[in-house]
Every structure is written in C-alpha cells, then in structure tokens.
Amino acid sequence: MSILINSGIVIASVIGMEIFAWAIHKYVMHGPGWGWHESHHTETEGHFEKNDLYAVVFSFIAAGCFIAGSMGVSWLWYVGLGLTLYGILYAVVHDGLVHRRLPFPRKARGKYMKRLVQAHRLHHAAHTKDGCVSFGFIWAEDVRKLKAKLKANMAKTGQPLQSDQAE
C-alpha cells in the first residue's frame with residue numbers, strides 16, 4: 001500500500017508544482033521578480049539567463065524536502081521527488097521544446113505539445129511584464145481563448161502587439 005501512497009504523493013507534488021509555478025510566474029515573475037524574469041522575455045547572449053535563478057531557488061526547496069525526508073519525515077522525500085520530476089518536465093518541455101535551449105526536434109508533434117508551444121509564444125507576444133497570457137509551463141489553456149485574452153489585454157494597456165502570434 002505504501003507504494004500507492006508514495007506514488008500518489010509524487011503525482012500530487014508534480015500537479016501541485018504546476019499550480020504553484022503558474023502562480024509564481026504570474027504574480028512574482030511578472031511582478032516584483034521581473035528583474036530576474038525579464039531576461040527570459042528578451043534576447044540574451046550565452047547559454048544561461050538571469051531567469052534561470054528561479055530554477056536554482058526551486059532546486060533548493062526540492063533538496064530541503066529530500067533532506068527532511070531522509071531525517072524522518074519520509075513523505076517529504078516523495079514530495080522532493082515530485083518537485084524534481086516537475087523540474088525535469090519543465091526543462092524538457094519549456095527549455096527544450098518551446099525555447100530550443102536543449103536539443104529537440106524542430107516541430108512539436110501532437111495536439112498537446114503544439115498547444116503548449118503556441119500558448120507560450122502567445123505569452124511572449126507581450127514584451128513587458130503586463131498584458132501576458134498563459135502562465136503555465138506544462139499545461140496551457142485553449143489557444144483561441146488565449147488569443148482573445150491577449151488582444152483584450154493589449155487593448156486595455158494600450159500596448160501594440162509585438163508579434164503576429166495573436167492575429
């Protein structure tokens with residue numbers, strides 16, 4: 001039975017991390033944490049960008065869960081595993097498929113992957129911290145809804161669209 005419980009903790013942690021990451025992306029990265037995240041919305045030279053510091057912070061949280069889990073709070077070890085799996089998914093999907101920072105096939109295949117790529121391109125259609133849509137990393141809303149929301153946001157803020165992605 002503990003295999004089922006521990007697997008459930010890992011799966012719940014991955015799902016919970018996507019919800020947490022969505023909120024951090026929307027309210028921190030596009031708010032007071034814009035100083036780090038702005039590098040992700042502009043061209044940068046080199047392999048790393050200041051925005052990668054967020055991954056470092058999250059890795060310390062996962063490491064803390066592994067340490068606490070090893071010291072007696074065993075369920076936290078499985079939370080740490082879920083957070084680590086989420087980090088791997090983020091790296092492969094977001095950095096690899098969407099931003100091509102890792103070697104990845106040229107085109108996304110399948111409805112899910114295509115929707116993720118399109119949604120994130122719509123997120124980057126606004127080059128400021130305001131007006132963006134689609135804050136998830138491994139889940140995305142329907143692209144048609146995101147396009148309509150992006151156009152409304154840009155009209156409300158008076159910003160021109162920086163991309164033809166919303167057309």
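The residue numbering used here restarts from 1 in each chain and proceeds along that chain's sequence as written. The predicted nature of this model means local features are confined to residues of pLDDT at least 70 and side-chain atom pairs, given and counted, to a pLDDT of 80 or more, with totals for whole chains, interfaces and linings taken over all residues. Neither water nor hydrogens contribute to the side-chain values; these are computed over all heavy atoms in the structure.

Enquirer: Could you clarify how one ought to interpret the packing of aromatic side chains in this entry?
Expert: The geometry of two aromatic rings is summed up by the distance between their centres and the angle between their planes. In this scheme Phe, Tyr and Trp rings, the latter by its six-membered ring, pair at centre separations within 6.5 Å, and the angle between planes marks the pair as stacked below 30 degrees, edge-to-face above 60, and tilted otherwise. Inspection of every chain in the model, using the stated rule, returns six aromatic pairs. Ring centres of Trp 77 and Tyr 78 lie 5.1 Å apart, and the angle between their planes is 75 degrees; this geometry places the pair in the edge-to-face category. Taking relative accessible area as the criterion, Trp 77 reaches 33% and is therefore assigned partly exposed. On the basis of relative accessibility, which here comes to 25%, the residue Tyr 78 falls in the partly exposed class. Buried, partly exposed and exposed residues are distinguished by accessible area as a fraction of the type maximum, computed with a 1.4 Å probe on protein chains only: under 20%, between the cut-offs, and over 50%, respectively.

Enquirer: Where do I start with a nonpolar patch on the surface in this structure?
Expert: A cluster of nonpolar side chains, contributed by Trp 36, Leu 53, Val 56, Val 57, Phe 60 and Ile 61, occupies part of the molecular surface with about 520 Å² of accessible area. Where helices and strands are cited, they refer to DSSP runs of H or I of at least four residues and of E of at least two residues respectively, numbered from the N terminus. Of the residues forming the nonpolar patch, the biggest block, five residues, is contributed by helix H3 (residues 53–70). Checked against the element boundaries, Ile 61 lands in helix H3. In this structure Ile 61 comes out as partly exposed when scored by relative accessible area, which is 40%. Nonpolar side chains (Val, Leu, Ile, Met, Phe, Trp, Tyr) are joined into patches within 5 Å and like charges within 9 Å, using only residues with over 30% relative accessible area and no salt bridge. Each accessible area is a Shrake-Rupley estimate made with a 1.4 Å probe; only the visible protein chains count as cover when residues are assessed. When a carboxyl oxygen of Asp or Glu is within 4 Å of a side-chain nitrogen of Lys or Arg, the pair counts as a salt bridge.

Enquirer: Please explain the pattern of salt bridges as it appears in this structure.
Expert: Once the charged atoms of two side chains with opposite charge are near each other, the side chains can pair. Scanning the entire structure with this criterion turns up two salt bridges. Among the ionic pairs, Glu 141 bridges to Lys 149, the shortest N-O distance being 3.3 Å. The exposure class of Glu 141 is partly exposed, given its relative accessible area of 26%. A salt bridge links Arg 144 to Asp 142; the nearest nitrogen and oxygen atoms lie 3.2 Å apart.

Enquirer: Sorry if this is basic, but what is going on with the environment of Ala 148 here?
Expert: Inspection of the secondary structure assignment puts Ala 148 in helix H6 (residues 143–157). Remark: the alpha-carbon pair of Ala 148 and Val 133, spanning 15 residues in sequence, is separated by 9.9 Å.

Enquirer: Please explain unusual backbone geometry as it appears in this structure.
Expert: Peptide bonds are trans in most cases, and residues, glycine excluded, mostly fall at negative phi. For Ser 134, which is not glycine, the phi torsion reads 60 degrees and is therefore positive. Looking at the secondary structure, you find Ser 134 in the loop between helix H5 (111–123) and H6.

Enquirer: Could you clarify how one ought to interpret the nonpolar core in this entry?
Expert: Generally speaking, nonpolar side chains in soluble globular proteins are found buried as a group. Residues Val 79, Leu 83, Tyr 86, Leu 122 and Leu 150 are the most contacted members of the largest nonpolar core, which totals 27 residues. Of all the elements in the fold, those that place two or more residues in this core are helix H1 (2–29), H3, helix H4 (74–98), H5 and H6. Element by element, the count of residues in this core is highest for H4, at six residues. Think of a nonpolar core as a cluster: buried Ala, Val, Leu, Ile, Met, Phe, Trp, Tyr and Cys residues, connected wherever their side-chain atoms sit within 4.5 Å.

Enquirer: Explain H6 to me, please; I cannot follow it from the model alone.
Expert: An α-helical turn contains 3.6 residues, so a residue and the one three or four places further along point in the same direction. An ideal rise of 1.5 Å per residue puts 21 Å on 15 residues; H6 measures up with 21 Å between its terminal C-alpha atoms. The complete set of buried residues in H6 reads Val 143, Leu 146, Leu 150, Asn 153 and Met 154. Buried residues of H6 fall within an arc of 95 degrees about the axis and therefore sit on the same side. In H6, the exposed positions angled more than 90 degrees off the buried face are occupied by Arg 144, Lys 145, Ala 155 and Lys 156. Contacts between residues were defined by any pair of non-hydrogen atoms, one from each residue, lying within 4.5 Å. Summarising the contacts, the buried residues of H6 are in contact with H5. To estimate the expected span of a helix, count its residues, drop one, and scale the result by 1.5 Å. To obtain the arc, one takes the directions from the helix axis to the C-beta atoms.

Enquirer: Explanation requested: the packing of H1 against H4 in the structure shown.
Expert: Closest axis-to-axis distance for the H1/H4 pair is 8 Å, and the angle between their directions is 50 degrees. Comparing the axis directions of H1 and H4 gives the class oblique. Seen along the crossing, H1 lies across H4 with a hand that is right-handed. Along its contact with H1, which presents Asn 6, Ile 9, Val 10, Ser 13, Val 14, Met 17, Glu 18 and Ala 21, the element H4 presents Trp 75, Tyr 78, Val 79, Leu 81, Gly 82, Leu 83, Leu 85, Tyr 86 and Leu 89. Amino acid classes used here: Ala, Val, Leu, Ile, Met, Phe, Trp, Tyr, Cys and Pro are nonpolar; Asp, Glu, Lys and Arg are charged; the rest, including Gly, are polar. Partitioned by chemical class, the residues of the contact of H1 with H4 number 13 nonpolar, three polar and one charged. Orientation is described by axes fitted as lines to C-alpha atoms, over the contacting stretch for helices, and by angles from 0 to 180 degrees between their N-to-C directions. An angle below 35 degrees is read as roughly parallel, one above 145 as roughly antiparallel, one from 65 to 115 as roughly perpendicular, and any other as oblique. Handedness of a crossing follows from how the near helix is turned relative to the far one, being left-handed for an anticlockwise turn of less than a right angle and right-handed for a clockwise one.

Enquirer: Any chance you could explain H5 here in plain terms?
Expert: For H5, with 13 residues, the first-to-last C-alpha span of 18 Å sits near the 18 Å given by 1.5 Å per residue. Those residues of H5 that fall on the buried side of the exposure criterion are Leu 116, Val 117, Ala 119, His 120, Leu 122 and His 123.

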